[in-house]
Amino acid sequence: MKNPDISAKLQKIKLLVSDVDGVLTDGNIEIHSDGVESKKFTVKDGAGVALGRIAGIPVAFLSARHSEATTIRAAEMGIRYCIQGRLDKLAAFHEICAHYNIDPLQAAYIGDGLVDIPVLENCGCAFAPADCHPLVAAVADQLTELRGGEGVLHAVVEIILAGQNRLTETMDQMRSKVYRG
Ligand SMILES: [Mg+2]
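A. Here's a closer look at the sheet that holds strand S4 (residues 59-63). In spatial order, the strands read S5-S4-S1-S6-S7-S8; together these six strands make up an open sheet with parallel pairing. Sheet topology places strand S5 (82-84) and strand S8 (142-143) at the edges, where each strand pairs with a single neighbour. In terms of strand pairing, strand S7 (residues 125-128) meets S8 through two bridges, oriented parallel. By the bridge assignment, phenylalanine 127 is partnered in S8 with glutamine 142. Contacting strand S1 (15-18), S4, strand S6 (107-110), S7 and S8, helix H7 (residues 152-163) crosses the sheet at an angle of about 155° to S1.

B. Just the packing of aromatic side chains, in detail. Counted by the stated rule, this structure contains two aromatic pairs. Measuring from centroid to centroid gives 5.8 Å for tyrosine 81 and tyrosine 100, while their planes differ by 70°, and the two rings are edge-to-face. Highlighted residues: tyrosine 81 in the loop between helix H3 (68-76) and S5 and tyrosine 100 in the loop between helix H4 (89-99) and S6, separated in sequence by 19 residues. Between phenylalanine 93 and tyrosine 109, the aromatic rings sit 6.0 Å apart at their centres with planes inclined by 75°, giving edge-to-face as the arrangement.

C. Region of interest: the nonpolar core. Leu16, Phe61, Ile110, Phe127, Leu153 and Ile160 are the most contacted members of the largest nonpolar core, which has 28 residues in total. Only helix H2 (43-54), S4, S6, S7 and H7 provide two or more residues apiece to this core. Broken down by element, this core gets its largest block of residues, seven residues, from H7. With sequence-adjacent residues up to four places away left out, isoleucine 160 is seen in contact with Leu10, Ile13, Leu16, Ile57, Ala108 and Phe127.

D. A look at the side chain of serine 18. In this structure, serine 18 sits in strand S1. When near neighbours in sequence (up to four residues on either side) are disregarded, serine 18 contacts Val23, Leu24, Ala60, Phe61, Leu62, Tyr109, Ile110 and Leu153.

E. Representation of the coordination of the magnesium ion. Protein-derived ligands of the magnesium ion are Asp19 (OD), Asp21 (O) and Asp112 (OD), with the metal-ligand distances lying across 2.1 to 2.2 Å. Each donor residue of the magnesium ion lies on the same chain, and together they follow the pattern D-x1-D-x90-D. Residue aspartate 19 is found in the loop between S1 and strand S2 (30-31), and its partner aspartate 112 is found in the loop between S6 and helix H5 (117-122); the two are separated by 93 residues along the sequence. On the basis of relative accessibility, which here comes to 4%, the residue aspartate 19 falls in the buried class. On the basis of relative accessibility, which here comes to 19%, the residue aspartate 112 falls in the buried class.

Scoring rules and cut-offs
- Residues numbered from 1 in each chain as written.
- Predicted model: local features only at pLDDT ≥ 70, side-chain atom pairs only at ≥ 80, totals over all residues.
- Heavy atoms only, no water.
- Pairing = 2+ DSSP bridges.
- Helix = DSSP H or I, 4+ residues; strand = E, 2+ residues; numbered from the N terminus.
- Contact = heavy atoms within 4.5 Å.
- Axes fitted to C-alpha atoms, helices over the stretch in contact; angles between N-to-C directions.
- Phe/Tyr/Trp six-rings, centres within 6.5 Å; stacked < 30°, edge-to-face > 60°.
- Core = buried A, V, L, I, M, F, W, Y, C linked by side-chain atoms within 4.5 Å.
- Buried < 20%, exposed > 50% of the residue type's maximum accessible area, 1.4 Å probe, protein only.
- Donors = N, O, S within 2.8 Å, 3.2 Å for Na, K, Ca; no water.

As structure tokens, then:
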């Protein structure tokens, strides 16, 4: 890993952008004989998106591959920016940051594959799942203990908020929201 002490980086983060396959999923894609594909997302990451939203840290998705399953899941999570089918991920990452009027160094990124490396090297804080490609692990600031599809995004939101000393407060806000219904 590039940087074992990421506290200074975490304090600046205002936006989280995440890759999809291999981060929000285990990377497997089932393609059925009718051409429809399916993949598994965990509800934990939906809670992570909600937690980020409460803390004022929006989450965006950025995938090199287009998938209808991703579009549906992103809409369900209330994700405003779900950019798919872009191999030039760094350019797409910069477009997302520009939309939010956030400096790329104030945006964290999660990715597991080689195509993510340019973004991981040029974002404010680079995260990757435990089972990422070794070359990705080499450039990430921090790996999560979880593997892709196990709640990596939720874990990263918690790491960011803990680094900003806002985790307990945000959890409390989320809890009161849930209880209010
Ligand atoms: Mg990936």
